Amino acid sequence: MSSIIDTVIAHHREYFPRSTDCALFASPGRINIIGEHIDYNGGNVLPAAIDKHIYICISRNNDGIIRFVSANHKETGEVAINNLHSPQTKAHAAHAWWVYPYGACVLSNIEFDCGLDFSFYSTLPVGAGMSSSASITVGTLYALYSLNNITIKSKDIALQAQKVEWDFAGVKCGIMDQMAIINGKKDNAIMLNTQTMEFSYIPVDTSTVRFILVNSGVKHSLRESAYNDRRHECERALLTLKKAGFAIQNLCDCSVDDLIQIQNILPQTEYKRTYHVIYENHRVHQFAREIQQYNLKKAGELLYKSHQSLSVYYEVSIPLIDEMVEWASDIDGVYGSRLMGGGFGGCTISMVALYAVEHFTRTIAQKFKKRENRIPQIYECSIEDGTRRIE
Ligand code: GAF
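Residues numbered from 1 in each chain as written. Predicted model: local features only at pLDDT ≥ 70, side-chain atom pairs only at ≥ 80, totals over all residues.

**Concerning the overall build of the chain**
Counting its secondary structure elements, the chain contains twelve helices and twelve strands. Relative to a compact globule of 391 residues, whose C-alpha radius of gyration would be 21 Å, the chain shows 21 Å and is just as compact. Each of the three principal axes of the chain carries a C-alpha extent, and together these read 65 × 50 × 40 Å. Taken over 391 residues, the chain has a buried fraction of 48%. The long-range share in the chain, meaning contacts at least 24 apart out of those at least 6 apart in sequence, stands at 72%. (Helix = DSSP H or I, 4+ residues; strand = E, 2+ residues; numbered from the N terminus. Rg over C-alpha atoms; globule rule 2.2 N^0.38 Å. Buried ≥ 20, exposed ≤ 12 C-beta atoms within 10 Å, placed from the backbone. Contact = placed C-beta atoms within 7 Å.)

**Thoughts on the nonpolar core**
In terms of nonpolar packing, the biggest core is built from 107 residues, with Ile31, Leu46, Ala48, Ile56, Val138, Met179 and Leu213 touching the most fellow members. Here this core gets ten residues from one element, more than from any other, and that element is strand β2 (residues 44–61). (Core = buried A, V, L, I, M, F, W, Y, C linked by C-beta atoms within 7 Å.)

**Considering the site of the ligand**
Lining the immediate surroundings of the ligand are twelve residues, of which Glu36, His37, Cys173, Gly174 and Gly342 lie closest. Considered class by class, the residues forming the shell around the ligand number four nonpolar, five polar and three charged. (Near = placed C-beta within 6 Å. Nonpolar A, V, L, I, M, F, W, Y, C, P; charged D, E, K, R; others polar.)

**Here's the deal with helix α5 (residues 154–169)**
Between its first and last C-alpha, α5 extends 22 Å over 16 residues, near the 22 Å set by a 1.5 Å rise per residue. By the burial criterion, the buried members of α5 are Ile157, Ala158, Gln160, Ala161, Gln162, Val164 and Glu165. Once α5 ends, the next one or two residues include Gly170, with phi positive near 75 degrees. (Expected span 1.5 Å × (residues − 1).)

**Quick notes on the packing of helix α7 (residues 227–243) against helix α9 (residues 268–292)**
At a minimum axis separation of 9 Å, α7 and α9 run at an interaxial angle of 95 degrees. For the element pair α7 / α9, the angle class is roughly perpendicular. Contact with α7, carried on its side by Arg230, Glu233, Cys234, Arg236, Ala237 and Thr240, involves Thr269, Glu270, Arg273, Thr274 and Val277 of α9 and no other residues of that element. Among the residues forming the contact of α7 with α9, the class breakdown is three nonpolar, three polar and five charged. (Axes fitted to C-alpha atoms, helices over the stretch in contact; angles between N-to-C directions. Parallel < 35°, antiparallel > 145°, perpendicular 65-115°, else oblique.)

**A word on the pairing of strand β5 (residues 115–122)**
Within β5, seven of the eight residues are buried, which leaves it mostly tucked inside the rest of the structure. For β2 and β5, the ladder comprises eight bridges, and the chain directions are antiparallel. Counted as the bridge partner of Ile58 is Phe118 from β5. Direction of pairing for strand β3 (residues 65–70) relative to β5: parallel, over a ladder of five bridges. Bridged to Ser70 within β5 is Phe120. (Pairing = 2+ DSSP bridges.)

**Focus: the environment of Phe287**
You can see Phe287 is positioned in helix α9. Overall, the presence of 29 C-beta atoms within 10 Å leaves Phe287 in the buried class. Along the backbone, Phe287 and Gly35 are 252 residues apart, and their C-alpha atoms lie at a distance of 9.7 Å.

**Looking at the environment of Ile378**
Residue position: Ile378 is located in strand β11 (residues 378–381). Residue classification places Ile378 among the partly exposed residues on the basis of 18 C-beta atoms within 10 Å. The spatial distance from the C-alpha of Ile378 to the C-alpha of Val214 is 4.6 Å, given a sequence separation of 164 residues. Apart from the residues lying within four places of it in its own chain, the contact partners of Ile378 are Ile212, Val214, Thr361, Ile364 and Ala365.

**Re helix α4 (residues 132–147)**
The end-to-end C-alpha separation of α4 is 22 Å, in line with the 22 Å expected for 16 residues at 1.5 Å each. Two residues or fewer past α4, Asn149 is found with a positive phi of approximately 50 degrees.

**So, the sheet that holds strand β9 (residues 334–339)**
Strand order in the open sheet formed by four strands is β9-β10-β8-β11, and the pairing between neighbours is antiparallel. Edge positions in the sheet fall to β9 and β11, since each has one partner strand and no second. On average, each strand axis in the sheet is inclined to that of its neighbour by 20 degrees, with strand direction left out of account. Bridge count for strand β8 (residues 209–215) against β11 is four bridges, and the pairing is antiparallel. Residue Phe211 lies in a different strand from β11, and its bridge partner there is Cys381. Those strands touched by helix α10 (residues 296–312) are β8, β9 and β10 (347–353), and its axis lies near 20 degrees from that of β9.

**Points about the packing of α4 against helix α6 (residues 176–183)**
The contact between α4 and α6 brings their axes to 9 Å, and the two run at 50 degrees. As judged from the angle between their axes, α4 and α6 are oblique. Note on packing geometry: the crossing formed by α4 with α6 is right-handed. Only Asp177, Gln178, Ile181 and Ile182 of α6 make contact with α4, whose side of the interface consists of Ala134, Ser135, Val138 and Tyr142. Per-class residue counts for the contact of α4 with α6 are five nonpolar, two polar and one charged. (Left-handed = near helix turned anticlockwise from the far one by under 90°.)

**Brief notes about unusual backbone geometry**
Although it is not a glycine, Asp187 adopts a positive phi angle of roughly 60 degrees. Here Asp187 lies in the loop between α6 and β6 (188–193). One non-glycine residue, Glu315, lies in the positive phi region at around 50 degrees. Tracing the sequence through the fold places Glu315 in the loop between α10 and α11 (319–329). Owing to 16 C-beta atoms within 10 Å, Glu315 belongs among the partly exposed residues under this scheme.

**Regarding the pairing of β8**
The element β8 is extensively covered by neighbouring structure, given that six of its seven residues are classed as buried. With seven bridges joining them, β8 and β10 adopt antiparallel strand pairing. For Leu213, the partnering residue across the bridge sits in β10 and is Ile349.

What follows is the structure, encoded as structure tokens:
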């Protein structure tokens, strides 16, 4: 840990040589084991915070300016405190990487009495579906409250971070990523009810099973993807079902048995989305039961089913990812595999027996190289604590 701390502080000093004291925070990325595209439909999801982080270093300045620099982006951002809330500043930030920490500064509603220099250093890949945007936003909010000695519930940080995505980046995301990142706990997945925001921890035995991400390298950007379209399709389906007499608040209030009736009510596209949503929610509960009883094989089968549904019914997969899941299913020691996150690229997540990790990694890399003529990034993830101050 100390070497990464030294690196991050050195990076901060390089940009801000006048800085004296700096506070350092680590905000993780997340995996989602199962429960995809149901966190905006009132479903249950099972994410976990991981060992890839965005490090946030902050020092005060006397210039009345908030600055954002990143080791991963050339462009830097700066905003005078007096202009923080101006529509022009918001419009200027809208397409920059620093829109997230900027949005966090605005929505925190903190009255800044001096300028701040922020530097970010990431070991979390951007655009791979591991929630780098939620990580930087949650991390910035957490840091701001911590530095100003403000006590705030983790749920409220998550909701504010979600609002940054909605209002500043234009992505109508759910609440899963933010809740996973702020509430992460070592060696535990989070069983989150996205309707009530209540959650419980489910231990994951990492001495027998590992979660491995393989990055398709196809840029996943929620801002440019059809993510918002899928959300609208679900909203339309919900409205139609309510009009037809269903006493529901969310699509996930429907049960698998309701689908027979639903098929006669919804147009085909809305029906397909609803079919995925209802079954995926059902699978999350099944998965949680199986994993807690160490039925890894049965749990893994649910991951394959989830993928099938994301590909056929929710239509958020791409041919390369479908193939990656198929390759995984042929490898001995792989319990399950599926597309993870918003879709249209990004990573697959595979649940692999500890003894098979090396074989899995080698085999997938070979098959990927043959198809794509490049080596994929592969990440073996451990499950870690959520956003925290480290110095
Ligand atoms: C993205 C979103 F940000 C989440 O809220 C969630 O909807 C996910 O895609 C799909 O499950 O990560």
